[in-house]
Amino acid sequence: MAHHAASAHNGHHAEMHEHHVMDVAVYWKVFLALMFFLILTVAAAIFDLQVIIQKATGLNIRGLNIMIMLTIAVIKATLVVMYFMHVKDGTRLTWIWAAAGFVWLLLMFAMIMSDYIARGEVEQAPPGWEQIH
Amino acid sequence: MSVQVKQRRRGHVEPRPEGAVQEVAHQFEDIGQQNESYIVGMWSFLVTEIMFFGGIFMTYIVYRTKYPQTFTIASGELDWKAGFLNTLILLTSSLSMAFAVRNAQLGKRWRTLLCLGITILCAFGFLGVKTVEYSTKWAHHLVPGPNFHFSRHGGEQAAPADRGTSFVEDASPETSGGGAKPEGEIPQHEAQLFFGLYFASTGLHGVHVIIGIILLAYWGGLVQFNARAARDFIPIEMVGLYWHFVDIVWIFLYPLLYLIGSPKL
């Protein structure tokens, strides 16, 4: 019984111990993906997708460019956290800690911005202001 | 029990004789628990760092939603190509940092040193580009303070004589409200806010890069002299975690500061 429990314990830890030396190829692939997303970010900034989509479909999606750029930034950050910071092969406790900061940050953004918006302190830009530059 | 602990220790130090030697400190059960403690400890520090930078990001969100127009125009004065170069440099430094950790895991000291050296070089490259950018902003009167004067194309023209009070006059309701503004009538206090955020966030980030260089150089030195602490790869892994975090901050700063002003190729 005691032996059994100990060996199960052992097995669990053995998985943890293998500090997973990642393949060199994995790091290079992640780096190339980061480069690709960097170029994509700049492309999303240079081409005014909001105007392009409005001309094509008549749909006016305000702040489309920054939404795309921030989505890409989140993907890039996830790649860095998972592969470069080894959270992918980390223990569950590491996962919780790695997520905690970002979750609390999002909570802070959401709560404070909902307060600002509810007070009407967020100025709504007049239609067409994007065209002035 | 003590026999089992011994077995576990032995089982995980020996399978990779060519790899990094990890000693289990007496307060830990085994090497797995020890490694996890270090990594989680470092992550809990990074959580405080996330909240630290989070305050600046929060301020940015509040004022960008309040003055979207000015932020867009002011962002156009930043050199997105310099920012691009810096992002490229930082991502490269993250790659070499990851390789430094990998080589430390395998116990390859000289390769670890080489990778740490490349990371430090990248960090200096980043600071170099940043220095050029800061001095340009200084020359263009874009550093917040009594000499701040924002003009559309940031040219070399001197600020007007009454620059000390101009931003107060510009804050009149007609100009700070909505509506398309003609050139040169950007409220100075709003533009100053953008550049204040720019210098606060990139400055704080730059301080982190400098601290990173010190950490990298210190641990590189310990690896060089084969110090006992640097025979374990975990300290290098922790420096790596810090360095990648600094990279992540920049990944978000770059689009938010440099790319919201519709950059042109």
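Throughout what follows, the structure given in this document is the object of discussion. Sequence positions are assigned chain by chain, starting from 1 and proceeding in written order. For this description, chains carry letters from A and ligands carry numbers from 1, given in the order in which they are written. Restriction of local features to residues with pLDDT of at least 70 applies here, the model being predicted, together with a cutoff of 80 or more for giving and counting side-chain atom pairs; totals for whole chains, interfaces and linings are based on all residues. Side-chain measures here rest on the full set of heavy atoms in the structure, leaving out hydrogens and waters.

1. Brief notes about the side chain of H208 of chain B
Residue and element names in this part refer to chain B. Working definition: helices are DSSP H or I runs of at least four residues, strands are E runs of at least two. Numbering for both runs from the N terminus. Residue placement: H208 occurs in helix α8 (residues 188–224). Of note is the side chain of H208, whose polar atom sits 2.9 Å from the backbone oxygen of L204. Working rule for contacts: check all heavy atoms of both residues, and any pair within 4.5 Å makes them a contact. If we ignore the near neighbours within four places in the chain, the residues touching H208 are E49, F52, F53, Y242 and V246. Throughout this description, a polar contact denotes any pair of N or O atoms lying within 3.5 Å of each other; where both atoms belong to protein, one of them has to be capable of donating a hydrogen while the other can accept it, and for residues adjacent in sequence the pair is counted only when both atoms sit in side chains.

2. Quick word on a nonpolar patch on the surface
Together, V103, W104, L107 and M111 of chain A together with M51 of chain B line one region of the surface with nonpolar side chains, adding up to about 500 Å² of accessible area. When residues in the nonpolar patch are grouped by element, the largest group, four residues, is from helix α5 (residues 92–118) of chain A. Structurally, the position occupied by W104 of chain A is in helix α5. Here the term patch refers to residues with relative accessible area over 30% and no salt bridge, with like charges joined within 9 Å and nonpolar side chains (Val, Leu, Ile, Met, Phe, Trp, Tyr) within 5 Å. Surface accessibility in these figures is a Shrake-Rupley result with a 1.4 Å probe; residues are shielded only by whichever protein chains are displayed. Salt bridge, as applied in this entry: a Lys or Arg side-chain nitrogen positioned within 4 Å of an Asp or Glu carboxyl oxygen.

3. Describing the interface of chain B and chain A
Taken together, the contact pairs 70 residues of chain B with 59 residues of chain A. Across the interface of chain B and chain A, roughly 5900 Å² is buried in total on both sides, 76% from carbon and sulfur atoms. Across the chain B-chain A interface, the total number found is zero salt bridges. Listed by contribution, the elements that provide at least two residues to the side of chain B that touches chain A are α1 (2–13), α2 (31–66), α3 (68–75), α4 (80–105) and α9 (234–258) of chain B. With 22 residues, α2 of chain B is the largest single contributor of residues to the side of chain B that touches chain A. Three categories are distinguished: nonpolar for Ala, Val, Leu, Ile, Met, Phe, Trp, Tyr, Cys and Pro, charged for Asp, Glu, Lys and Arg, and polar for the others, with Gly belonging to the last. When the residues that make up the side of chain B that touches chain A are grouped by side-chain class, the tally is 37 nonpolar, 22 polar and 11 charged. Defined here as a combined quantity, buried area equals the accessible surface (1.4 Å probe) lost by two parts on assembly, summed across both.

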